[in-house]
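These are the residues of each chain, in order.
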Amino acid sequence: MPSSIIRSSVAAEFRRGLVESMPVLLACIPFGFVLGTVAQARGLTLVQVPLLTGLNFAGGSEFAALGLWTSPPNVLLIVAITFLVNSRLILMSAVMAPMIAHLPRGRAMAALFFMCDESWAMALADAAKRRESGEMRLSVPFFMGSGVGIYLIWISTTTLGAMAGPLLGDPRVLGLDMAFPAVFLSLLKGMWKGWRAAIPWGLSLVCAVLVYVFVPGAWYVPAGALTGVAAAFVLAEDRQ
């Protein structure tokens, strides 16, 4: 196949990924703006905010990191929580790995850098449709179109939020600090699988509250997270 045709096909797939991700891009705007505003209020500079959102491209862990941000920051705790929150990306990458095994290692790593929950879900849904039509491979340009689009809008809106922070004043006055618990409550609602599956959540909550009361600092976060993981593992073993 001529290289010009290949380039045209790749560009078309990239545009398709970008266009189909538009609803997600629009949904990212308010969250990115709020994240940038609160980050500025926590003491991050206009340079540090896009570095935070650009190098750690995973919205949930960014919200978690800022929720634990102090002056000076507890770096070890923030790194630990970021790893725990982002650990889901290990499983997501494992699912996608066979679909991009044909790529050179450098290109595969670059593609995985732009992977987030939304671009991952869109790429897998598109791959399922392609399998129905007889095409077995994931469309990497489609995946990159959605991932790059979300990446750019996320950095842009968080930076705009940081720029607007001084004009808005204390985000708590406007209730913007409630964005953090609101994000995670909405995630929990989407993950609801019934009362039995919620047992690890309950145990995690109890442990986090006890550590919060009796242990200084923000160690209640990893304590609750690890308790929930352990409880989920034990329940999974019981079912087998």
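Small disclaimer: the values here were computed from a predicted structure and weren't measured.

About the criteria used
The numbering scheme is per chain: residues are counted from 1 as the chain's sequence reads. Per-residue local features are limited, in this predicted model, to residues with pLDDT of at least 70; the limit for side-chain atom pairs, both in listing and counting, is 80 or more; totals at the level of whole chains, interfaces and linings are taken over all residues. Note: side-chain values were computed over all heavy atoms of the structure, leaving out hydrogens and water. Helical segments are the DSSP runs of H or I of at least four residues, strand segments are the runs of E of at least two, and each set is numbered from the N terminus. Partly exposed residues are those whose accessible area sits between 20% and 50% of the maximum for their type, while under 20% is buried and over 50% is exposed, using a 1.4 Å probe and protein chains only. Calculation of accessible area relied on Shrake-Rupley with a 1.4 Å probe; when residues are assessed, cover is drawn exclusively from the protein chains displayed. Residues belong to one nonpolar core when they are buried, are Ala, Val, Leu, Ile, Met, Phe, Trp, Tyr or Cys, and are joined through side-chain atoms within 4.5 Å. By definition in these notes, contact holds between two residues if any of their heavy atoms fall within 4.5 Å. The predictor's confidence in any single residue is recorded as pLDDT, a number from 0 to 100. Throughout, an axis means a line fitted to C-alpha atoms (over the contacting stretch in the case of helices), and angles, computed between N-to-C directions, take values from 0 to 180 degrees. Working definition: roughly parallel below 35 degrees, roughly antiparallel above 145 degrees, roughly perpendicular at 65 to 115 degrees, and oblique for all remaining angles. Throughout, a crossing is termed right-handed when the near helix is turned clockwise from the far one, and left-handed when it is turned anticlockwise from it by less than a right angle. Each salt bridge in this description consists of a side-chain nitrogen of Lys or Arg and a carboxyl oxygen of Asp or Glu lying within 4 Å of one another. Side-chain rings of Phe, Tyr and Trp, where Trp is taken by its six-membered ring, are said to pair if the distance between their centres is within 6.5 Å; with planes under 30 degrees apart they count as stacked, over 60 as edge-to-face, and otherwise as tilted. Every helix has an expected span of 1.5 Å times one less than the residues it contains. Here the bend at a residue means the angle between the axes of two seven-residue stretches, the one that ends at it and the one that starts at it. Surface patches are drawn from residues lacking salt bridges whose relative accessible area is over 30%; two like charges belong together within 9 Å, two nonpolar side chains (Val, Leu, Ile, Met, Phe, Trp, Tyr) within 5 Å.

In this section: the overall build of the chain. Along the chain, the regular secondary structure elements total twelve helices and zero strands. When the helices and strands of the chain are listed from N to C terminus, the series reads α-α-α-α-α-α-α-α-α-α-α-α. By residue count, 38% of the 240 residues in the chain fall in the buried class. Per element, the accessible surface of the chain, about 13,900 Å² overall, is 72% carbon and sulfur.

What follows concerns the nonpolar core. Counting residues in hydrophobic clusters, the biggest one holds 33 residues, and the most contacted among them are Met96, Ile100, Leu138, Phe143 and Met144. Mapped onto this core, the elements with two or more residues apiece are helix 2 (22-41), helix 3 (48-55), helix 4 (59-67), helix 6 (88-96), helix 7 (105-113), helix 8 (117-132) and helix 9 (140-168). Here this core takes nine residues from helix 9, the largest share from any one element. Excluding anything up to four places from it in sequence, Ile100 contacts Ala108, Leu112, Leu138 and Val140. Ala64, Ala65, Leu68 and Ile78 belong to the second-largest nonpolar core, a separate cluster that totals six residues.

Looking now at the confidence of the model for the chain. The predicted coordinates ought not to be read in detail in places where the model reports low pLDDT. For the chain, the average pLDDT comes to 79, and 80% of its residues sit at 70 or higher. Confidence, expressed as mean pLDDT per element, reaches its minimum in the chain at helix 10 (residues 179-191) with 57 and its maximum at helix 3 with 90.

So, on to the packing of helix 2 against helix 4. One way to put it is that helix 2 packs onto helix 4 with a least axis distance of 11 Å and a crossing angle of 25 degrees. Considering their axes alone, helix 2 and helix 4 lie roughly parallel with respect to each other. Both helix 2 and helix 4 take part in a crossing whose hand is left-handed. Packed against helix 2, whose contacting residues are Phe31, Leu35 and Ala39, the element helix 4 presents Glu62, Phe63 and Leu66 at the interface.

Turning next to the pattern of salt bridges. Enumeration over the complete set of coordinates arrives at three salt bridges. Among the ionic pairs, Glu13 bridges to Arg16, the shortest N-O distance being 2.8 Å. Taken together, the positions of Glu13 and Arg16, both in helix 1 (residues 3-20) and three residues apart, correspond to about one turn of that helix.

It is worth spelling out the packing of aromatic side chains at this point. Tallied over the entire structure, the rule returns four aromatic pairs. Ring centres 5.0 Å apart and planes at 85 degrees place the aromatic pair Phe57 and Tyr151 in the edge-to-face group. Taken together, the residues Phe57 in the loop between helix 3 and helix 4 and Tyr151 in helix 9 connect sequence positions 94 residues apart. For the pair shown, Phe57 and Tyr151 are each scored as buried. When the centroid spacing of 5.7 Å and the interplanar angle of 65 degrees are considered together, the rings of Phe113 and Tyr151 count as edge-to-face. You can see Phe113 sitting in helix 7 and its partner Tyr151 sitting in helix 9, a full 38 residues away along the chain. The class of Tyr151 is buried, set by a relative accessible area of 15%. Put simply, the rings of Phe57, Phe113, Phe114 and Tyr151 pair up and form one aromatic cluster.

Mapped onto the fold, Phe63 is located in helix 4. Taking the C-alpha atoms as reference points, Phe63 and Val38, separated by 25 residues in sequence, lie 9.4 Å from one another.

Take helix 2 next. Between its first and last C-alpha, helix 2 extends 29 Å over 20 residues, near the 28 Å set by a 1.5 Å rise per residue. Ile29 marks the point of greatest bend in helix 2, at about 30 degrees, and the proline Pro30 comes within the next four residues. Listed as buried for helix 2 are Leu25, Cys28, Gly32, Val34, Leu35, Gly36, Thr37, Val38 and Ala39. Gly43 sits one or two positions beyond helix 2 and adopts a positive phi of about 110 degrees.

To continue, consider the packing of helix 4 against helix 5 (residues 75-86). Look at helix 4 against helix 5: their axes get within 9 Å of each other, and the N-to-C directions meet at 155 degrees. As far as their axial angle goes, helix 5 and helix 4 are roughly antiparallel. Pair helix 4 / helix 5 crosses with right-handed handedness. Note on element contacts: helix 5 touches helix 4 through Ile78, Ile81, Thr82, Val85 and Asn86, opposite Gly60, Ser61, Ala64 and Ala65.

This next bit is on a nonpolar patch on the surface. There is a patch of nonpolar side chains on the surface, built from Leu76, Leu205, Val206, Val209, Leu210, Tyr212, Val213, Phe214, Val215 and Trp219 and spanning about 1,000 Å² of accessible area. The greatest single-element share of the nonpolar patch, amounting to seven residues, is contributed by helix 11 (residues 199-214). Relative to the helices and strands, Trp219 is located in the loop between helix 11 and helix 12 (220-239). According to the relative accessible area criterion, Trp219 is partly exposed, its value standing at 34%.

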